Structure formats: structure tokens, C-alpha cells
Amino acid sequence: DAKTTQPPSMDCAEGRAANLPCNHSTISGNEYVYWYRQIHSQGPQYIIHGLKNNETNEMASLIITEDRKSSTLILPHATLRDTAVYYCIVRIIQGAQKLVFGQGTRLTINP
Amino acid sequence: DVKVTQSSRYLVKRTGEKVFLECVQDMDHENMFWYRQDPGLGLRLIYFSYDVKMKEKGDIPEGYSVSREKKERFSLILESASTNQTSMYLCASGVYEQYFGPGTRLTVT
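Residues numbered from 1 in each chain as written. Chains lettered and ligands numbered in written order. Predicted model: local features only at pLDDT ≥ 70, side-chain atom pairs only at ≥ 80, totals over all residues. Heavy atoms only, no water.

1. Some details on the pattern of salt bridges
Link 1 in the chain: This structure, assessed with the given rule, holds eight salt bridges over all chains.
Link 2 in the chain: Among the salt bridges present, the one from Asp59(B) reaches Lys98(A), with a minimum N-O distance of 2.5 Å. Remark: Lys98(A) occurs in the loop between β8 (84–92) and β9 (105–110) and Asp59(B) occurs in the loop between β6 (54–57) and β7 (64–70); the pair is interchain, linking two chains.
Link 3 in the chain: Overall, Asp59(B) belongs to the partly exposed group, its relative accessible area being 46%.
Link 4 in the chain: Taking the relative accessible area as the measure of exposure, Lys98(A) reaches 33% and is therefore partly exposed.
Link 5 in the chain: In this structure, the salt-bridge partner of Arg73(B) is Glu22(B), at a minimum N-O distance of 3.1 Å. (Salt bridge = Lys/Arg side-chain N within 4 Å of Asp/Glu carboxyl O. Helix = DSSP H or I, 4+ residues; strand = E, 2+ residues; numbered from the N terminus. Buried < 20%, exposed > 50% of the residue type's maximum accessible area, 1.4 Å probe, protein only.)

Okay, structure coming up:
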């Protein structure tokens, strides 16, 4: 799986959009971009994934650049409950595969 | 919504005890996984199962075994608990997206 680079920490004001960047310059054509998050002392939570088109669901939007070397996860109206570590990973979809998280970004939502 | 439940949130066991951690999912997923998570070491795969009665070792299977008698249930067994198995244990199910349970924080004294 391709390596990803994320900032170690970010802050965002409650109610504002939180934009979390991820670099994956060595991504290959059949690798998807996935985002998970982990709130303190809880299990990781799947957020969203995409291949090359932008994706949106009830939790977030995923913007992937045209060259696919980077992406941004957008939480449109951040709340205090969005405070968590966010992990960006790239992976091929095949069979039963383990997840490997990097260091992630610790996002703190401030009141 | 996908739901993955784990039998306990917190567990304290003594060295040498046999420990059972249960995981149940309600989405008819074929794939289920057991991970442990430790500070500085990230998420590590212990075992996974891709069908009933089928199992595969992950990266750190030593000291653990698993059982999958029904599709919705995947159990992790610590045959003889040791202090180095004190950890957060996470169950997940799914294929393209993995859905995790809340975790079991196990302390072995």
C-alpha cells in the first residue's frame, strides 16, 4: 500500500468546516483513498472512501486532486464530537485485507 | 447502520487464565478481523476469518486462537493470558470498508 503523509495536529472552531489534508504521491492507479477516525478510547470509525471522483456522504466530503497525489477530507460543520485522530490510508480493494494506520492527524474542535 | 458489538468494554484477568472475547456483527459480512492496538505500535492484526470455520493468521497470532462457528460471531481466545497481552482489542467486519466494534480494554495482572 502507498504511504500517506498527514499533519500531526490541527485545530478548528466549532461550526466551521474542518479540512484535513493527506498526501499520497506514490498512489497507484488501482488504490483507493480511505478515511477513518478514532475518538479517544473507542474503536476506529469508517468515514468515506474514493478512487478518483469526489465523494460525499452524511459524515463528510472527500476531494481527490486530479493527479490523485493528494486529497482533503472535509467535515462541513465541525462539532466538539468530531475531536478525534483522523487516518488517511490508500489501499487496493481485494479480499480480506488488514488495515494499517499511520500516525494520523489529531483534530481538535474548539468551542 | 452496521453494528459490531463486543462482549465487554473493560476486562481484568489474572495471568494464566483463559480469556474469551466475543464479537458479533449484524451485516452478514463474510470477513471478520481481530486487532490489538497499543500506544506507539498502532493497529496490529491478530487473526481474520473470511467464512464460517475459516481462519487465517495475521501478523501476531502467537498466544491467541479464534473460533467462527456462525457467520455473525467471531471469538478471540487467549489460551493462557500473560501480562504482555494487556491491550485494547478491536473486532471489525466488512470487506471494502471495515466496521469496528467499541473495543475491549483487557488488563492482565
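The structure having been displayed, the exposition proceeds.
2. Section: the sheet that holds β8(A)
All names here are of chain A.
Link 1 in the chain: Read across the sheet, five strands follow the order β1-β9-β8-β3-β4 without closing on themselves; strand pairing throughout is mixed. Single-partner strands in this sheet number two, and they are β1 (9–13) and β4 (45–50). Across the sheet, the mean angle separating the axes of adjacent strands is 25° when strand polarity is ignored. (Pairing = 2+ DSSP bridges. Axes fitted to C-alpha atoms, helices over the stretch in contact; angles between N-to-C directions.)

3. Brief notes about the interface of chain B and chain A
Link 1 in the chain: Contacts between chain B and chain A engage 20 residues on the former and 17 residues on the latter.
Link 2 in the chain: Overall, the association of chain B and chain A removes approximately 1500 Å² of surface from exposure, summing both partners, and the carbon and sulfur fraction of that is 55%.
Link 3 in the chain: Among the residues chain B hides against chain A, the three largest losses belong to Leu43(B), Tyr96(B) and Gln98(B). Together they make up 31% of the total.
Link 4 in the chain: At the junction of chain B and chain A, the tally comes to one salt bridge.
Link 5 in the chain: At the surface where chain B touches chain A, the tally comes to nine residue pairs in polar contact (both at pLDDT 80 or more).
Link 6 in the chain: Of all the secondary-structure elements, those providing two or more residues to the side of chain B that touches chain A are β4 (32–38), β5 (42–51), β9 (87–94) and β10 (98–100) of chain B.
Link 7 in the chain: Residues of the side of chain B that touches chain A, tallied by class, amount to twelve nonpolar, four polar and four charged. (Contact = heavy atoms within 4.5 Å. Buried area = accessible area lost by both parts, 1.4 Å probe. Polar contact = N/O pair within 3.5 Å; in protein donor to acceptor, adjacent residues only side chain to side chain. Nonpolar A, V, L, I, M, F, W, Y, C, P; charged D, E, K, R; others polar.)

4. Let's talk about the sheet that holds strand β2 (residues 18–23) of chain A
All names here are of chain A.
Link 1 in the chain: Read from one edge to the other, the open sheet built from four strands follows the order β2-β7-β6-β5, with strand pairing classed as antiparallel. The strands lining the two open edges of the sheet, one partner per strand, are β2 and β5 (55–56).
Link 2 in the chain: Sheet analysis places β5 next to strand β6 (residues 61–64), joined by two bridges and oriented antiparallel. Note that in β6 the partner of Glu-55 across the bridge is Leu-62.

5. Quick look at unusual backbone geometry
All names here are of chain B.
Link 1 in the chain: Within the chain, Asp-28 stands out as a residue other than glycine whose phi angle is a positive 60°.
Link 2 in the chain: For Asp-28, the position within the fold is in the loop between β3 (19–25) and β4.
Link 3 in the chain: Positive phi outside glycine occurs at Lys-53, with the angle close to 65°.
Link 4 in the chain: Considering the arrangement of structural elements, one finds Lys-53 in the loop between β5 and β6.

6. With respect to the side chain of Glu97(B)
Link 1 in the chain: Structurally, the position occupied by Glu97(B) is in the loop between β9 and β10.
Link 2 in the chain: Here Glu97(B) occupies a buried position and makes no salt bridge, while the nearest side chain of opposite charge, Arg91(A), is found at 7.7 Å.
Link 3 in the chain: Looking at Glu97(B), its side chain comes within polar contact range of the side chain of Tyr99(B), at 3.1 Å.
Link 4 in the chain: Each residue touching Glu97(B), except ones within four places of it in the same chain, is listed here: Tyr34(A), Tyr36(A), Tyr46(A) and His49(A). (Lys, Arg positive; Asp, Glu negative; His and termini not counted.)

7. Brief notes about the state of the cysteines
Here, the word disulfide means a covalent bond between the sulfur atoms of two cysteines.
Link 1 in the chain: Applying the stated criterion across every chain, the model contains two disulfides over all chains.
Link 2 in the chain: Here Cys22(A) engages in a disulfide with Cys88(A); their sulfurs sit 2.1 Å apart. The sign of the S-S torsion, about -80°, decides the handedness of the disulfide formed by Cys22(A) and Cys88(A): left-handed. On the criterion of sequence distance, the pair formed by Cys22(A) in strand β2 and Cys88(A) in strand β8 is long-range, its members being 66 residues apart.
Link 3 in the chain: When its relative accessible area of 0% is taken as the criterion, Cys22(A) is described as buried.
Link 4 in the chain: Sulfur-sulfur distance for the disulfide between Cys23(B) and Cys91(B) comes to 1.8 Å. (Disulfide = S-S within 2.5 Å.)

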